[in-house]
Every structure is written in structure tokens, then in C-alpha cells.
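Here is what each chain is made of, one letter per residue.
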Amino acid sequence: MSAKVVVSKRRNVNRQAIFLITLWPFPEDFFLSDPELKSKVPLEYLSHKEKYEEAVRKACLLFRKVIQLQNEGKGGMDNFREVLGGQLGSAILPDGNPITLHYVMFIPTLMGQGTIEQQAEWIQKAWNCDIIGTYAQTELGHGTFIRGLETVAKYDPKTEEFVLHSPTLTAYKWWPGGLGHSANYAVVVAQLYTQGKCHGIHPFVVQLRDEETHEPLPGIKIGEIGCKLGMNSTNNGYLGFDNVRIPRNYMLMKNSQVLPDGTYVKSPSSKLTYGTMIFVRVVLVQDAATYLKKASIIATRYSAIRHQSQIKPDQPEPQILDYVTQQYKLFPNIASCFAFQYAATWLWDTYNNITEELETGQLDNLPELHATACVLKAVSTADAAQGVEMLRLACGGHGYMTASNLPSTYGLVTAMCTYEGENTVLLLQTARFLVKMWQNKTNVYKLPTMKYLATALNRATPFEKSVEWVIAALQKTAAGKIDLANRHLNERVAKGQSYEDAWNNTSIELVSAAEVHGRTIIVEQFYNTVQGYKSRVSKELGTVLEQLLQLYAVNAALRCTGDFLRFTEVLGKDITVLQTWLEELLSQIRPNAVGLVDSFDMRDEILSSALGCYDGNVYERLFNEAQKSPLNAEPVNKSYNLYLKPFIKAQL
Ligand SMILES: CCCCCCCCCCCCCC(=O)SCCNC(=O)CCNC(=O)[C@H](O)C(C)(C)COP(=O)(O)OP(=O)(O)OC[C@H]1O[C@@H](n2cnc3c(N)ncnc32)[C@H](O)[C@@H]1OP(=O)(O)O
Ligand SMILES: Cc1cc2nc3c(=O)[nH]c(=O)nc-3n(C[C@H](O)[C@H](O)[C@H](O)COP(=O)(O)OP(=O)(O)OC[C@H]3O[C@@H](n4cnc5c(N)ncnc54)[C@H](O)[C@@H]3O)c2cc1C
């Protein structure tokens, strides 16, 4: 990963804004210049079935090109990450990729949960795409509470096979990407029974379809779940089993095993089964940054083009970018792009370090990684979804056009708040960990993202207009909220409630405490990154990064004013200083706004937006896109003579 300075000079605003980005040596042109990866007809004018068929065509070509690059020694996992992620991936397949799960969850699960022998058996086939897999965990009746999953896998020692069965309709797998018509294998998460005892959920490799004819195998009931808010080419499917037999060694046995006679060998930790879910949550923070960057570019460039109303009666209509309310919609989201990018990079490095430890049997840091991945996925995806919607609204009617690509981007980013762990549930997971740390304070000193909890509660944080103060105030607020929630938990238990009831009755506070903890981590990572860059970049870049950091921090503080007044020494007058500081920063960032989003370096083909093109020819592009509507192929539609005309005549 090489960091370079990209200088973006906008001719029509004649300003220089530079932005430090991490450049992946990724050959975008190799994909974007391929005519076969372009849609002949805008997707929105295809049928549901045509959209899926077009997505499969493109996905196969996309991955064929990635494998070609790999065979030529031009990159490996990074290329997959680029074509699967929210940048190039969603540009080529804006309605979702039906093969994503093969790479994002099927292969990682084989690697994370399979023995060496099983990896040898399955991984090459999967990498060669001899088989296409998905990850089938969620059921019609359960998505969050995976210990409640109903699909069963009963071991038959006579034949040394597992029998998979869906005892109820709610046991049907429901949601897995690519499951409907694309994948022919799946990792299926099921309740394992052997020797008459249930040992909880475990992962199994199951063949779903014939490798030649793609026909569903006997006992397999399979299909797609229908239209959704977005991602309608992802081919999310359903899967029911009617006593389907698989060999014993189709149970992924890295962590726990079933011996030929049916003896169950327990895993060193039941949590290791959850490993795949951490990986995706970690990469989703990067995707949240990517989708928010895309929407920020579109809305900021459009705001520089759009002229509307008057600020002064004798003046021409200004760029809407000059309205402070518009700047308030745009600039904090631009700052969030940087914040989530830096948090994603830090989390990715942390994940890789801890995953290496897990390989050596060291589980100490797994709980903190889980808690941190949960809260950063929840906060970044929620903020990104809210931000994309705010940026769409900032573009007025044209933001509501499909041609703006903002509705589709919203459909992609808002799904992230649900999949890979619904956000509230993940925040509660983080809260569970925080309360445990709080109750057992000796552990807190060791954990990097937690050590502030040891001192923050009793530390004086007199107000000052600085990022350092905001971080200290957020930390003190997080500690105060965890402490208060813990006290309310104990009070409820003392009044006779069970711990579980007390937990449920305190859960609003617990979720809120976890969220503030997450924001503390994000601001601190942003701060650390900027401090690290300042000595290595030009003064002007350092100034811009500092402005963005301050904007992100002061906006985070203003979102917490109620809690700040409760848990820190801040006073009402200090909140006024924060508000004024925010307005000063909006004005300081205004000259660099377009340059900053330019430096996200997303080409027009990636943006796929009539509003966000680099040349700014918004109106011509909107009008040209309108001509692609099939309705415009003829001046009078047949419905006139069939319905309208008789209707009108009948009224005369
Ligand atoms: C490459 C880039 C491209 C990106 C493209 C992306 C496209 C993506 C496409 C779409 C893809 C979408 C694909 C999909 O959507 S795949 C389906 C995703 N589904 C989920 O994420 C389900 C969410 N539910 C859960 O995670 C569990 O059921 C929870 C945890 C909520 C409850 O469960 P349970 O009832 O058991 O909870 P417990 O509270 O008793 O916890 C028990 C203990 O376990 C620990 N624990 C729990 N979880 C983990 C964990 N994960 N790692 C490590 N540890 C973990 C926990 O701390 C606790 O420890 P302790 O406190 O007892 O010590
Ligand atoms: C686009 C998309 C793609 C997906 N892809 C896959 C896939 O490939 N493979 C797969 O296995 N799954 C997949 N999923 C399913 C996804 O993982 C689940 O939707 C998710 O885990 C949430 O579970 P659920 O839908 O059952 O919601 P529920 O768990 O029923 O949640 C519904 C509501 O109940 C609340 N709730 C639930 N439990 C608690 C609790 N303990 N405390 C407080 N509130 C609670 C939630 O906060 C939420 O508000 C996908 C989902 C989507 C939207």
C-alpha cells in the first residue's frame, strides 16, 4: 500500500485542494474500458429476470478478468477487494453481484473453519470457480439469534454421514446472496446432533445443485426470495432440506470435530465459529467510507453547478454550495469519509494482527476485536446511510432521479445496517463487552481501545476549543454512560429483576453508551492519522486535514451536546462556541470542497451519475438519460387509444 499525494486542480473554481489517499496499484481501466462490462440498456428499464441475467453475465466476465490478472502476476486479493467493494464493484454491478458471497464469505469460511485437508479439498476448486458457493446462515425465522437456528445436521454413524433437514418453514435458509440460482454449493450453518445430543451451530459444506446441469439435487428446495429495496441482482435465495445426506468430512472441522463413531470433540472456543462474521464487519467499514465518498462527490459537484435563488436581491443566482445550510449537509459528510477511511485502515490492520494470534491459539484479543468490529461496523454504516440520504436530499429533485445514482447508492449502503449483524444487535454486543470490562476494571488497562476507561470518568475536562478536548469529552461521556448504565443494571437486579430482564430494561442506555464509545475510537484514529501525516506533507495539506479533523470532531461533539452537559464540565456557552467553530470550519473548507471530493479520485464511470460528472454538464446528461426511457421511443403510447381516449370520451 503506497500513500501518494494527489493534486486536484479544478479549472472552473481555480482552486487547489490536495488530498492524501492510499493508492492501490489497481488497473481500473482494464475493467472500465471493457465494452462487455457496460450495460447496453440502463438497468432500470430491464425486468427483474433480465437484471439478474445481466448481472450474472457481467459478474462472470468481471471475475474472469481478475483471475486473468492474477495469472499474469498482476495483483491478488487486492484486485478481488476492489471488484467486490463499493467502488468498482457497485459501478459495474449497481444492483448487486450474485457471486459476491463466493468470495466474501464462502471461501473465507473454508479458510477459517476448514482443516488443512478440507482446505486442500475445497479451496482450489473454489478459487478456480469449479464450484460457486454462498454462506447460508440466516433463516426465515432467525437472523440475529443464531443459537436459535432450526436447520439440523444429525450424524448417522452407520453411514458416517450427516442428515440435513429443515423441520419447519421457518427453518428454511432465507437471504443468502447467490443462493437462488447462482451458487451450487453453500456453507450451511446448522445445529449439530450426534449420539442424541445437540452441540449447537456448526458449519457444513453442502452441494446444492448438480455441477453439470445445475439442477437442484434431491431433497433440496431452492429459489430466490423476490424483490427488495435494492440489490435486486444479488439473487438472495431460500433453501430447504428434506433429509439430505452429506459425508462426515463435509463438516468443517478446524475448531470442533465429529469422529467416525459419532464422538464430538469440542472446540477450544465456541466463539471461533463466529470468525467469518468478524471479517465481513471489518471490511464493511471500508465500504461505508466508499459509498459515502461516492455520494459526497456527486452532491458536492452538483452543488457547485446548481445555481438557485438569491442571497442578495441585486445578485445573480449563487451556486447552492454557497448556502451555509448546504455546506452543513455536505462538508461533515466529506469529513466522515476521511474518518471512516482511517478507521477502516486501522481496523483492517488490527484484524490481521489478531487473526494471526488466533492461528497460534491466542484468543485473548478476540473479544475486543469482536466488540470493536461490531461498533465500528454499526456506527460507520448507520452514519453512511444517513449521510447518503442527506446528500441525496441536498440535490433536490434531481437527487431523486435514478440517473443521479443516489437512490441506488442508498439502497446499497442502507442494507449494510442490517446484514452481517443488525446494527442495534451489534451495539449491544459491544455494550456487553464494555460492561464486562467496566465491572472487571483490571482488564481495561491492557486493551488499546479501552484503556481510556480506566481514567476518563474522574478526569477533569475543562472546555477548550480543541480536538484534544473533544476526544477527552467523548471519552468521559462514554465512561459516564457505561458507568450509569451499569449502575441502573445493578439497581434493577437489586430490586429483584433477573440480570437478563435488567439488561433488556437498560438496553437503550447500553446501545447509546456503545455508540459514544465507537465515536471515541473513530475521532481518536482520525486524530492519530492526521498527527502522523502532518510531519510528512505540505503545510497546505496539513491545514486541510486539520480542518477536516476539527469539523468531524466538532460535529461529533454537537451530536452529543445533551450527554456532554450531563457527563462533562461543558456549559451552555461552550456549546455556542462549538457551533461558531463549526460555522467557521464550513467557511474555511468551502474553497477546497470540490477539490477535496475530486481527490477521492472516482472516475465518472464509477460514479455513474448525471449529477456528479467531472465536466459538470449536468443538464445535458439528465436530458440524454431521459431519452433512454423506452417510453420516449414513440410520441404516443398505446395506452392512449386503449384506455385514455375512451376514458376522456366517456367523460364528455
Ligand atoms: C471485500 C470487500 C467487499 C465487501 C462486500 C460486502 C458484501 C457483503 C454481502 C452481504 C453479506 C451479508 C452476509 C450475512 O449477513 S451473513 C449472516 C450474518 N449474521 C449475523 O451477523 C448474525 C448476528 N448475530 C450474532 O452475531 C449473534 O447471534 C449474537 C452475537 C448477536 C448473539 O449470539 P449469542 O446468542 O451467542 O450471543 P451472546 O451475546 O450470548 O454471545 C456469546 C459469546 O460469544 C461472543 N461472540 C458473539 N459473536 C461473536 C463473534 N462474531 N466473534 C467473536 N465472539 C463473538 C460474545 O461476545 C459472547 O462472549 P462472552 O461475553 O460470553 O464472553
Ligand atoms: C441485503 C442482505 C443480504 C444478506 N445476505 C445474507 C447472506 O448472504 N447470508 C446470510 O446468512 N444472511 C444474509 N442476510 C441476513 C442478515 O444477516 C440478517 O437480516 C441480519 O442478521 C438480521 O437478522 P433478521 O433479518 O432476522 O432480523 P432480526 O434479528 O429479526 O431483527 C429485527 C429487529 O429485532 C431487533 N432485535 C433482534 N434481536 C435483538 C436483541 N437481542 N436485542 C435487541 N433487539 C433485537 C433488531 O435490532 C431489529 O430491529 C442478508 C440480509 C440482507 C438485508
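About the cut-offs
Residues numbered from 1 in each chain as written. Chains lettered and ligands numbered in written order. Predicted model: local features only at pLDDT ≥ 70, side-chain atom pairs only at ≥ 80, totals over all residues. Heavy atoms only, no water. Axes fitted to C-alpha atoms, helices over the stretch in contact; angles between N-to-C directions. Helix = DSSP H or I, 4+ residues; strand = E, 2+ residues; numbered from the N terminus. Parallel < 35°, antiparallel > 145°, perpendicular 65-115°, else oblique. Contact = heavy atoms within 4.5 Å. Nonpolar A, V, L, I, M, F, W, Y, C, P; charged D, E, K, R; others polar. Salt bridge = Lys/Arg side-chain N within 4 Å of Asp/Glu carboxyl O. Buried < 20%, exposed > 50% of the residue type's maximum accessible area, 1.4 Å probe, protein only. Domains from an automatic or database assignment. Buried area = accessible area lost by both parts, 1.4 Å probe. Pairing = 2+ DSSP bridges. Near = heavy atom within 4 Å. Polar contact = N/O pair within 3.5 Å; in protein donor to acceptor, adjacent residues only side chain to side chain. Areas by Shrake-Rupley, 256 points an atom, 1.4 Å probe, with all protein chains shown as cover.

J.: Would you explain the packing of helix H8 (residues 324-359) against helix H14 (residues 507-534) in this entry?
T.: Helix packing for two helices is described by the angle between their axes and how far apart those axes are. Interaxial distance between H8 and H14 falls to 9 Å at its minimum, and their mutual angle equals 90°. The angle between H8 and H14 places the two elements in the roughly perpendicular class. Note on element contacts: H14 touches H8 through Ile521, Ile522, Gln525, Phe526, Thr529 and Tyr533, opposite Ala335, Phe338, Ala339, Phe340, Tyr342, Ala343 and Trp346. Of the residues belonging to the contact of H8 with H14, the class tally is 11 nonpolar, two polar and no charged.

J.: Explain the pattern of salt bridges here, please?
T.: Any two side chains of opposite charge can pair if their charged atoms end up close together. Across all of its chains, the model carries 28 salt bridges by this definition. Put simply, Asp615 and Arg621 hold a salt bridge, and the shortest N to O gap is 2.4 Å. Looking at Asp615, the relative accessible area reads 30%, which means it is partly exposed. Judged by relative accessible area, Arg621 falls into the partly exposed class, the value being 27%. Among the charged side chains, a salt-bridge network with shared partners connects Asp156, Lys158, Glu161 and Arg245.

J.: Help me understand the domain arrangement of the protein chain, please; the structure alone is not making it clear to me.
T.: A common way to express how large an interface is: the accessible area buried when the components associate. What the domain assignment reports for the protein chain is domain 1 (15-97), domain 2 (133-266) and domain 3 (279-595). A straight line from the C-alpha centre of domain 1 to that of domain 2 covers 30 Å. Listed as interface residues are seven residues of domain 1 and, on the opposing side, 10 residues of domain 2. Between domain 1 and domain 2, the buried area comes to about 730 Å², and carbon and sulfur atoms account for 49% of it. Three residues stand out in domain 1 for area buried against domain 2, namely His48, Tyr52 and Asp95, and they jointly supply 74% of the buried area on that side.

J.: Is there a simple way to think about the sheet that holds strand S10 (residues 237-241) in this case?
T.: Spatial ordering of the open sheet is given by S6-S10-S9, a layout of three strands whose pairing is antiparallel. Of all the strands in the sheet, the pair left with one neighbour each is strand S6 (173-174) and strand S9 (220-224). Bridge count for S6 against S10 is two bridges, and the pairing is antiparallel. What sits directly across from Trp174, in S10, is Tyr238.

J.: Sorry if this is basic, but what is going on with the site of ligand 2 here?
T.: The local shell around ligand 2 holds 20 residues, among which Tyr135, Thr138, Thr144, Gly177 and Glu422 are the closest. Residue Tyr135 places a main-chain N or O atom 3.0 Å away from a nitrogen atom belonging to ligand 2. Taking Gly177, its main chain carries an N or O atom lying 3.1 Å from an oxygen atom of ligand 2. Here ligand 2, which alone exposes 960 Å², has 63% of that area covered by the protein. Here the shell around ligand 2 gets three residues from one element, more than from any other, and that element is helix H11 (residues 423-439). Of the residues that constitute the shell around ligand 2, the class distribution is nine nonpolar, nine polar and two charged. Built from parts of two domains, the shell around ligand 2 gets at least three residues from each of domain 2 (133-266) and domain 3 (279-595).

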